[in-house]
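# Notes for the structure review
So the chains spell out like this:
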Amino acid sequence: RQALGSHAAMTQESLRCSSARNRGGVQRVEGKLRASVEKGDYYEAHQMYRTLFFRYMSQAKHAEARELMYNGALLFFSYNQQNSAADLSMLVLEVLEKSETKVEDDILESLAKLFGQMDQNSPERVAFVSRALKWSTGGSGKLGHPKLHQLLAVTLWKEQNYSESRYHFLHSSDGEGCAQMLVEYSASRGFRSEVDMFVAQAVLQFLCLKNKNSASVVFSTYTEKHPSIEKGPPFVQPLLNFIWFLLLAVDGGKLTVFTVLCEQYQPSLKRDPMYNEYLDRIGQLFFGVPPKQSPSYGGLLGNLLNSLMGSGEDDDGAEEAQEDSSPIELD
């Protein structure tokens, strides 16, 4: 046993030494590449990064490859070499995919940092996001890791890209951040008469995504922090009272309460034709209402809405998958 223990200690020691050697090697290489970039030899440096990437990958040195590409991307961004930086950012994702790296917060934060540096209108940014989200859920059909969505949402909020930020907040678990962004969105871009609609849509969509907790948090935070909303409940705006009652009804799960509520507030619910679509879905999810036989949207639009919802994403069998196929628009 003693011999085994000392053997294990020696193995650990040799691993430590080899990783320190590798680290030293990476640092030397990075020094040369940095000098190239600082001299303005961008093309040459970019090609060198790519060559080293493939060399490291063929030797299964995944951690080194990822670190080198990540630092290289940030370096190119700092010299405003968007194309080279975006290319190396994609190689960071390639390492993550091929090495089957586990999802951890620090990796998600590094991906969000690369995203934040990319040109806001570049096609590379769109490609990077969709690939990063796919990796973050193990390449499954689900819609991406909630933490990554949250980090992307905050970045887009800082850029004042409120509608994109809103989409990512919906797929996160950050109801509070979402509410604060919506207060700013409503105050800077919305009409005063629509302050209630900003939060109503978010609550209904969170409920459609079965995220009851974020639905409650987004409502309480928004109504508390919005300068144009007087303290409630009850509220001056009927739509806010409806949402307040709806959240209570969802907790109770009584179909009669839900039905009466929707009937009583029809005038408010007619303000946006999507509200009743959302409520049909909420009726199915929380009150046991059977799904309609034919979705109101067919063809191309129906498929688009299904893809936004990630239809059939649960593992609760065919019945659940069938329920999940009712289309909901989340723009």
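Residues numbered from 1 in each chain as written. Predicted model: local features only at pLDDT ≥ 70, side-chain atom pairs only at ≥ 80, totals over all residues. Heavy atoms only, no water.

## Concerning the overall build of the protein
- The helix and strand inventory of the protein stands at 17 helices and 0 strands.
- A burial count over the protein gives 45% of its 331 residues as buried.
- Of the contacts made within the protein by residues no fewer than 6 positions apart, 61% connect residues no fewer than 24 positions apart.
- Carbon and sulfur atoms make up 51% of the accessible area of the protein, which amounts to about 17,300 Å² in all. (Helix = DSSP H or I, 4+ residues; strand = E, 2+ residues; numbered from the N terminus. Buried < 20%, exposed > 50% of the residue type's maximum accessible area, 1.4 Å probe, protein only. Contact = heavy atoms within 4.5 Å. Areas by Shrake-Rupley, 256 points an atom, 1.4 Å probe, with all protein chains shown as cover.)

## Description of the nonpolar core
- Ranked by internal contacts, the top residues of the largest apolar core, which has 48 residues, are Val203, Tyr222, Phe242, Leu246, Leu279 and Ile282.
- Only α7 (146–158), α8 (162–170), α9 (175–189), α10 (195–208), α11 (212–225), α12 (238–252), α13 (255–264) and α15 (274–287) provide two or more residues apiece to this core.
- Looking at this core element by element, the count peaks at 11 residues for α10.
- Not counting residues within four places of it along the chain, the set of residues in contact with Leu279 comprises Leu204, Phe242, Leu246, Phe258, Cys262 and Leu269. (Core = buried A, V, L, I, M, F, W, Y, C linked by side-chain atoms within 4.5 Å.)

## A short note on the packing of aromatic side chains
- Taken as a whole and assessed by the stated rule, the structure comprises 11 aromatic pairs.
- Between Phe53 and Phe54 the ring centres are 5.1 Å apart and the planes differ by 75 degrees, which places this aromatic pair in the edge-to-face class.
- Centre to centre, the rings of Tyr162 and Tyr185 are 5.0 Å apart; their planes meet at 20 degrees, and the pair counts as stacked. Of this pair, Tyr162 sits in helix α8 while Tyr185 sits in helix α9, and the two are 23 residues apart along the sequence.
- When its relative accessible area of 3% is taken as the criterion, Tyr162 is described as buried.
- Counting every residue linked through ring pairs, the aromatic cluster contains Phe242, Trp244, Phe245 and Tyr265. (Phe/Tyr/Trp six-rings, centres within 6.5 Å; stacked < 30°, edge-to-face > 60°.)

## As for unusual backbone geometry
- With an omega of -5 degrees, the peptide bond between Gly232 and Pro233 qualifies as cis.
- Among the structural elements, Pro233 can be located in the loop between α11 and α12.
- A positive phi angle, near 60 degrees, is found at Asn80, a position not held by glycine.
- Along the polypeptide, Asn80 turns up in the loop between α3 (62–78) and α4 (82–98).
- Relative accessible area serves as the criterion here: at 57%, Asn80 is assigned to the exposed category.

## Regarding the environment of Thr256
- One can find Thr256 in helix α13.
- A residue is classified by how much of its surface remains accessible, and Thr256, at 58% relative accessible area, is exposed.
- Put simply, Thr256 and Phe287 are 31 residues apart on the chain and 9.1 Å apart in space, counted from C-alpha to C-alpha.

## Focus: the side chain of Arg166
- Mapped onto the elements, Arg166 comes out in helix α8.
- Among the residues examined, Arg166 registers a relative accessible area of 6% and is labelled buried.
- Polar contacts involving the side chain of Arg166 include one to the side chain of Gln205, which spans 3.0 Å. (Polar contact = N/O pair within 3.5 Å; in protein donor to acceptor, adjacent residues only side chain to side chain.)

## Details of α8
- Most of α8 sits inside the fold, with 7 of its 9 residues counted as buried.
- Among the residues of α8, Tyr162, Ser165, Arg166, Tyr167, His168, Phe169 and Leu170 are the ones counted as buried.

## Topic: the packing of α8 against α9
- Where α8 contacts α9, the axes come no closer than 10 Å and their chain directions differ by 160 degrees. As the angle between them shows, α8 and α9 are arranged roughly antiparallel. Read as a crossing pair, α8 and α9 show a hand that is left-handed. Residues Tyr162, Ser163, Ser165, Arg166 and Phe169 of α8 touch α9, and the partners they reach there are Gly177, Cys178, Met181, Leu182, Glu184, Tyr185, Ser188 and Arg189.
- Looking at the contact of α8 with α9 residue by residue, the classes come out as 6 nonpolar, 4 polar and 3 charged. (Axes fitted to C-alpha atoms, helices over the stretch in contact; angles between N-to-C directions. Parallel < 35°, antiparallel > 145°, perpendicular 65-115°, else oblique. Left-handed = near helix turned anticlockwise from the far one by under 90°. Nonpolar A, V, L, I, M, F, W, Y, C, P; charged D, E, K, R; others polar.)

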